[in-house]
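# Structure at a glance
Here is how the chains run, residue by residue.
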Amino acid sequence: MPVARRPLVAGNWKMNGLRHSGAELLAMIEGCGAPLAEKVDLLICPPATLLAQFAAEAAGSPIAVGGQDCHKKASGAHTGDVSAEMLADAGARFVIVGHSERRSDHQESDETVRAKAQAAWRTGLTAIVCVGETQAQREAGEALAVVAAQVRGSVPDGASADTLVVAYEPVWAIGSGLVPTVEDVEEMHGEIRRVLSERAGAEAARVRILYGGSVKPENCTALLNAADVDGALVGGASLKAGDFLAIARAYL
Ligand code: 13P
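Criteria and thresholds
Residues numbered from 1 in each chain as written. Predicted model: local features only at pLDDT ≥ 70, side-chain atom pairs only at ≥ 80, totals over all residues. Heavy atoms only, no water. Helix = DSSP H or I, 4+ residues; strand = E, 2+ residues; numbered from the N terminus. Salt bridge = Lys/Arg side-chain N within 4 Å of Asp/Glu carboxyl O. Core = buried A, V, L, I, M, F, W, Y, C linked by side-chain atoms within 4.5 Å. Buried < 20%, exposed > 50% of the residue type's maximum accessible area, 1.4 Å probe, protein only. Contact = heavy atoms within 4.5 Å. Near = heavy atom within 4 Å. Polar contact = N/O pair within 3.5 Å; in protein donor to acceptor, adjacent residues only side chain to side chain. Areas by Shrake-Rupley, 256 points an atom, 1.4 Å probe, with all protein chains shown as cover. Nonpolar A, V, L, I, M, F, W, Y, C, P; charged D, E, K, R; others polar. Pairing = 2+ DSSP bridges. Axes fitted to C-alpha atoms, helices over the stretch in contact; angles between N-to-C directions.

### A closer look at unusual backbone geometry
Along the chain, Ala-34 connects to Pro-35 via a cis peptide bond; the corresponding omega equals 5 degrees. The phi torsion at Lys-14 lies on the positive side, around 55 degrees, for a residue other than glycine. Mapped onto the elements of the fold, Lys-14 is located in the loop between strand 1 (8-12) and helix 1 (22-31). In the Ramachandran plot, Asp-228 falls in the positive-phi region, its phi being about 70 degrees despite a non-glycine side chain.

### Digging into the pattern of salt bridges
Enumeration over the complete set of coordinates arrives at 21 salt bridges. A salt bridge links Asp-69 to Arg-102; the shortest N-O distance between them is 3.2 Å. With Asp-69 in the loop between strand 3 (63-67) and helix 4 (84-90) and Arg-102 in helix 5 (residues 100-105), this residue pair connects regions lying 33 residues apart in the sequence.

### Thoughts on the nonpolar core
If you look at the biggest cluster of nonpolar residues, it comprises 67 residues, and the most contacted ones within it are Val-9, Leu-42, Leu-164, Ile-192, Leu-196 and Leu-224. If we ignore the near neighbours within four places in the chain, the residues touching Leu-42 are Leu-8, Val-9, Cys-32, Leu-36, Pro-62, Ile-63, Ala-64, Phe-244 and Ala-248.

### Remarks on the site of the ligand
In the region of the ligand, the neighbouring residues are Asn-12, Lys-14, His-99, Glu-169, Ala-173, Ile-174, Gly-175, Gly-213, Ser-214, Leu-233, Gly-235 and Gly-236. Glu-169 is positioned with one of its side-chain polar atoms (N or O) 2.9 Å from an oxygen atom of the ligand. Relative to its unbound accessible area of 310 Å², the ligand is 96% covered by the protein chains. Tallied by class, residues from the shell around the ligand come to three nonpolar, seven polar and two charged.

### Regarding the sheet that holds strand 3
For sheets, the rule is that strands pair by backbone hydrogen bonds, running either parallel or antiparallel. In spatial order, the strands read 1-2-3-4-5-6-7-8; together these eight strands close into a barrel with parallel pairing. When the angles between neighbouring strand axes are averaged without regard to direction, this sheet yields 25 degrees. Sheet topology places strand 5 (residues 126-131) next to strand 6 (residues 164-168); five bridges connect them, and they run parallel. Each residue of the ladder has a partner; that of Val-129, found in strand 6, is Val-166. Here helix 6 (residues 110-122) sits on the sheet in contact with strand 4 (94-97), strand 5 and strand 6, set at roughly 160 degrees to strand 5.

### Considerations on the side chain of Arg-193
Here Arg-193 is to be found in helix 9 (residues 182-200). Its relative accessible area of 10% is what places Arg-193 among the buried residues. A polar atom in the side chain of Arg-193 sits 2.9 Å from the side chain of Asp-230. With near-sequence residues (within four places) excluded, Arg-193 lies in contact with Arg-5, Ala-204, Ala-205, Val-207, Ile-209, Asp-228 and Asp-230.

Printed below as a string of structure tokens:
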């Protein structure tokens, strides 16, 4: 019997948002009552500067907040970095690790990403581990192998559905308006789940695998209801309450 996984629709605000953006979060909270909140987990990952404010605003609401990155260590001489402990202290319940923008802007390796996921677990946060191929890798027919290697390298041993979410984000689909075909997404998500089961056994069937990359209200229905797709990691369209909630409603 197939395992039922509760969908998760997550917003990654990236380097966007000022204190007044709390109004957008309030609009999301107002708009996400039943039946949406009964069917879908909702998460917003604002920049670290807004985490404590957003966590306070969202307290008691169906919207969780999360960080976008963390250092592997709990504290110390690492100027400009933020630890998982700090995110948790600010009210985060999730943290994104290994986003392709971190992998390219900050040369993060799979090993670094794995250490960050372990740091998240150390402090009770759920790690959203991001993977995805470049356009050149897809054109060379290497997408499945590249992503499988990223999953093997970036996901620590001992993952469970409570501690791990995987986000498949093809680099060429991020911010480009391009999206893969539903068939390609299903093939990739099936491969990710197969690789996860090598590591986590039967628990892999319970781990949520999100699709990310140019998810919009106009294209979300087919992508989010594809086999083995358990939600979305939304960038640009998560900045507006109306668009974000319209995407989550793909599950109603
Ligand atoms: P866009 O939805 O803006 O393409 O960004 C996707 C993404 O990178 C989410 O982490």
